Amino acid sequence: MCGIIGFTGCLQAAPILLNGLQKLEYRGYDSAGIACMSKGGITVSKAVGRIDNLRGITNNGSTINSTMGIGHTRWATHGKPSDVNSHPHVSMNGKFAVVHNGIIENFGRLKEILISKGFKFQSETDTEVVAHMLEYYYRDGNILHAIARTMNAVEGSYALGILCDDDPDHLYCAKKDSPLIIGLND
Ligand code: GLU
């Protein structure tokens, strides 16, 4: 079990993500991370341990200038708690960042296929296959197609928050058998 959060709006995202993660920390707390869409691309910050460690390295989020991002507090199912295994996970070309609650049951097979196509893995997690598959299926430049194809390929449970560097105005999510709530205001 873990907690994921995403935010897009007019306010600075990182402090909102950190406060949200703190509220979700009861769901898991071996490591945490956030990815924010900034002018220069996606900025990822990760830290092993409690959310306070992530607060520390980002000065409570004030070092990140961004109004959209995703965050994760992890309770590891695949791969030990470590900086490299903590979420968000990023695709090989850096275009996609992903946070995931759940388990990708067929990640081993998908990993083999992706490795045969030249993808290189950094982590021991099941989640990293999602980031690379998004990149693989994004060849036609259609983000929704890439997400739909990836969701068709994965088996298991997931709630996912997804950022794509090419689309700084949209935050994407997908779910199956893991909880996800979308809140909207003006
Ligand atoms: N299966 C993923 C991992 O081990 C997500 C675990 C979680 O839900 O915290 O990284």
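Residues numbered from 1 in each chain as written. Predicted model: local features only at pLDDT ≥ 70, side-chain atom pairs only at ≥ 80, totals over all residues. Heavy atoms only, no water.

Draft legend 1. Structural detail: the sheet that holds strand β2 (residues 31–38). In spatial order, the strands read β1-β4-β2-β3; together these 4 strands make up an open sheet with antiparallel pairing. In this open sheet, the two strands that pair with only one neighbour each are β1 (3–8) and β3 (41–48). On average, each strand axis in the sheet is tilted by 10 degrees relative to the strand beside it, whichever way the strands run. With respect to the sheet, helix α1 (residues 13–24) is in contact with β1, β2 and β4 (68–74), its orientation differing from that of β1 by roughly 155 degrees. (Pairing = 2+ DSSP bridges. Helix = DSSP H or I, 4+ residues; strand = E, 2+ residues; numbered from the N terminus. Axes fitted to C-alpha atoms, helices over the stretch in contact; angles between N-to-C directions. Contact = heavy atoms within 4.5 Å.)

Draft legend 2. Seen up close, the pattern of salt bridges. Scanning the model with the defined rule gives 7 salt bridges in all. With a closest N to O distance of 3.0 Å, Asp166 and Lys95 form a salt bridge. Placement of the pair is Asp166 in the loop between β7 (156–164) and β8 (172–176) and Lys95 in the loop between β5 (89–90) and β6 (96–104), with a sequence separation of 71 residues. Note on Lys95: relative accessible area 25%, which makes it partly exposed. (Salt bridge = Lys/Arg side-chain N within 4 Å of Asp/Glu carboxyl O. Buried < 20%, exposed > 50% of the residue type's maximum accessible area, 1.4 Å probe, protein only.)

Draft legend 3. Geometry of the sheet that holds β8. The 4 strands lie next to each other as β5-β6-β7-β8, forming an open sheet whose pairing is antiparallel. For this open sheet the edge positions go to β5 and β8, each flanked by a neighbour on one side alone. Examined bridge by bridge, β6 and β7 share 9 bridges and lie antiparallel to one another. Residue pairing across strands places Phe96 opposite Cys164, the latter belonging to β7.

Draft legend 4. Spotlight on the site of the ligand. Surrounding the ligand, one finds 15 residues, the nearest of these being Cys2, Arg74, Thr77, His87 and Asp126. Measuring from an oxygen atom of the ligand, one finds a side-chain N or O atom of Asn101 at 3.4 Å. Side-chain polar atom of Asp126 to a nitrogen atom of the ligand: 2.8 Å apart, as the coordinates give it. Taking 300 Å² as the accessible area of the ligand by itself, protein coverage stands at 99%. Listed by contribution, the elements that provide at least two residues to the shell around the ligand are β4 and β6. Sorting elements by how many residues they give to the shell around the ligand places β6 first, with 3 residues. In terms of residue class, the shell around the ligand is built from 4 nonpolar, 9 polar and 2 charged. (Near = heavy atom within 4 Å. Polar contact = N/O pair within 3.5 Å; in protein donor to acceptor, adjacent residues only side chain to side chain. Areas by Shrake-Rupley, 256 points an atom, 1.4 Å probe, with all protein chains shown as cover. Nonpolar A, V, L, I, M, F, W, Y, C, P; charged D, E, K, R; others polar.)

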